[in-house]
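# Secondary and tertiary structure notes
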Amino acid sequence: MHLLKFSSEDCGTCHRMSHYDAKVAEELGCDFVSVMLQDTDAYRKYRKVLLAQYPNKEGMGWPTYLLVSNPEADFTIHGELKGGMPKGDFRTKLQALLDA
């Protein structure tokens, strides 16, 4: 499983989450991929995944995490997490998505 984080350089909540989101994802066995909207190469590579979940980007949170299998080919989205949250809540919610 891959956890794709869609965020922006100028988002304070995204920055706060970056102190622990990758570490928690890796502890739970996910490959973590940070996709900053300002990083055009990364954004182009994973844009199709984001637009499959949010065709016009309405309803996205900052940050938005998508739990995806095979993100670079014929991907499947298994769940999402949106917005900022404490580390414990992030771990609990991500574990619930992985268990589903």
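Each remark here, short or long, concerns the structure printed above.
Residues numbered from 1 in each chain as written. Predicted model: local features only at pLDDT ≥ 70, side-chain atom pairs only at ≥ 80, totals over all residues. Heavy atoms only, no water.

### Details of the pairing of strand E1 (residues 2-7)
Counting buried positions along E1 gives five out of six residues, so the element sits mostly inside the fold. Sheet topology places E1 next to strand E2 (residues 31-36); six bridges connect them, and they run parallel. Paired with leucine 4 across the bridge in E2 is valine 33. Relative to strand E3 (residues 64-69), E1 runs antiparallel, the two sharing five bridges. In the strand pairing of E3, leucine 4 is matched with leucine 66. (Buried < 20%, exposed > 50% of the residue type's maximum accessible area, 1.4 Å probe, protein only. Helix = DSSP H or I, 4+ residues; strand = E, 2+ residues; numbered from the N terminus. Pairing = 2+ DSSP bridges.)

### Examining the pattern of salt bridges
Applying the stated criterion across every chain yields a total of five salt bridges. Where arginine 91 meets glutamate 27, a salt bridge forms, and the shortest distance between an N and an O atom there is 2.7 Å. On the criterion of sequence distance, the pair formed by arginine 91 in helix H4 (residues 87-99) and glutamate 27 in helix H2 (residues 21-27) is long-range, its members being 64 residues apart. On the basis of relative accessible area, glutamate 27 is assigned to the partly exposed category, the value being 42%. Overlapping salt bridges bring together Lys23, Glu27 and Arg91 as one network. (Salt bridge = Lys/Arg side-chain N within 4 Å of Asp/Glu carboxyl O.)

### Regarding the nonpolar core
Within the largest apolar cluster, 14 residues are counted, with the highest numbers of intra-cluster contacts made by Leu3, Tyr65, Leu81, Phe90 and Leu94. Elements with a contribution of two residues or more to this core: H2, E3 and H4. In terms of residues, this core owes the most to one element, H4, which gives three residues. Every residue in contact with leucine 94, bar those within four places of it in the chain, is listed here: Leu3, Ala25, Leu28, Leu67 and Leu81. Listed in part, the 13 residues of the second largest apolar core include Val33, Val49, Leu50 and Tyr54. (Core = buried A, V, L, I, M, F, W, Y, C linked by side-chain atoms within 4.5 Å. Contact = heavy atoms within 4.5 Å.)

### As for the sheet that holds E3
Taking strand neighbours across the sheet as the criterion, the four strands line up as E2-E1-E3-E4 in an open arrangement whose pairing is mixed. Each edge of the open sheet carries a strand with a single partner, namely E2 and strand E4 (76-82). For this sheet, the mean inter-axis angle between neighbouring strands, taken without regard to orientation, is 20°. Bridging between E3 and E4 involves six bridges; their strand directions are antiparallel. Note that in E4 the partner of leucine 67 across the bridge is glycine 79. Each of E1, E2, E3 and E4 is contacted by helix H3 (residues 40-53), which is oriented at about 100° to E2, the strand it contacts most. Against the sheet, H4 contacts E1, E3 and E4, and its axis sits at roughly 160° relative to E4. (Axes fitted to C-alpha atoms, helices over the stretch in contact; angles between N-to-C directions.)

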